[in-house]
Amino acid sequence: MVVYLNGEFVKKADAKVSVDDRGFVFGDGIYEVIRVVDGHLFLPDPHMKRLAIGLDGLAIRITGSMLDSIIPIAEELIEKNELTSGHATIYLQITRGHAVRTHEFPPIDTKVTIYMSAAAFTPNLGIQEQGVAAITMADIRWTRCDLKTVNLLPNVLAKQRALDAGVFTAIFIRDGAVTEGQNSNIFGVKNGVLRTYPLTNYILPGITRALVLEMADKEDIPIDQSPILESELMEMDELFLSGTTTDIQPIVTINRSSLGTGLRGEVTERFQELLRRKMAKA
């Protein structure tokens, strides 16, 4: 695999980052994952906009020309790794760079670390048809979940807790309301109305989430951006997750109890088809 690191394309095995890098010692960085379909980046502009917002949120300063170079570099990585057919992903991480370990920001002339890789990806169509089981757990993450930082330990622990419980994923609950999945946004459907947590600092502004809302508007599906209460969760007709690699993923079991019919719902299936069509046009 060929990766990009600080201005160079190198073999992944040869890519080295300093042990003093602030991404390593503090988790001081932002990342993005972009879907690739038949060699083309899927929805790159929203990803770049979110990246810029995240960098600004952490006060990591990079030049406009550096930002502008990211998409061409990603496209070159796709070519170099022969990922021009089928599905793939681009992973991008930018940290504040390496410096003496102190809590305050390093000197202003410290160079940021930019790393990018590309990898083949196979959508799990079986899960998208059959749905997944989930557990609920307290959302004890920090209150800036809207920034896509590399600080993912709560998500890692949540995923492991889900696996230990014999299920696929975890659903976060904060103050009695469903916020999002452990690595994805979450939607509910009740009486034909699409329901999801509003955009606040408590959830990630998902790229696929925004696309689902856009598709719902075009399909005249009513939208209610208000939190699903934990007490309402099992009353939903349908639940599904959305994400760059999650696509549209039905949840059919929560805390060992079947949701609705226990099968993928019609609205969920409709969004899956709309997403497939959108990707096919990418």
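What comes next concerns the included structure. (Residues numbered from 1 in each chain as written. Predicted model: local features only at pLDDT ≥ 70, side-chain atom pairs only at ≥ 80, totals over all residues. Heavy atoms only, no water.)

**Focus on the pairing of strand 8 (residues 169-174)**
Test applied: The buried label applies to any residue whose accessible area, calculated with a 1.4 Å probe on protein chains only, is under 20% of its type's maximum; exposed applies above 50%, and partly exposed to all values in between. Per the convention used, a helix needs a DSSP run of H or I reaching at least four residues, while a strand needs a run of E reaching at least two, with both numbered from the N terminus. For two strands to be treated as a pair, DSSP must find no fewer than two bridges joining them. Place the viewer so that the strands point away; then a crossover is right-handed whenever the path from the first strand over the helix to the second strand goes clockwise.
In terms of residue burial, strand 8 counts as a mostly covered element, since six of its six residues are buried. The side-chain alternation of strand 8 yields two buried faces, one formed by Thr169, Ile171 and Ile173 and the other by Ala170, Phe172 and Arg174. Bridge analysis of strand 7 (residues 132-138) against strand 8 gives five bridges, and the strand direction is parallel. For Ala138, the partnering residue across the bridge sits in strand 8 and is Ile173. Where the polypeptide runs from strand 7 across helix 6 (residues 153-164) and back to strand 8, its parallel neighbour, the crossover connection is right-handed. Judged from the three bridges that link them, strand 8 and strand 9 (residues 177-181) form a sheet pairing that is antiparallel. For Ile173, the partnering residue across the bridge sits in strand 9 and is Val178. Linking two consecutive strands that pair antiparallel, namely strand 8 and strand 9, is a turn of two residues; a positive phi of about 50° is found at Asp175 within it.

**With respect to helix 2 (residues 44-57)**
The following threshold applies: In this scheme, a helix's expected span is set at 1.5 Å multiplied by one less than its residue total. In this description, contact between two residues means that some pair of their heavy atoms is separated by no more than 4.5 Å.
Between the first and last C-alpha of helix 2 there are 20 Å, a value that for 14 residues agrees with the 20 Å anticipated at 1.5 Å per step. Where helix 2 is buried, its residues touch strand 3 (29-37), strand 4 (40-41), helix 3 (64-68), helix 4 (70-80), strand 5 (87-95) and helix 7 (207-218). After helix 2 finishes, the residue Ala59 shows a positive phi value of roughly 60°.

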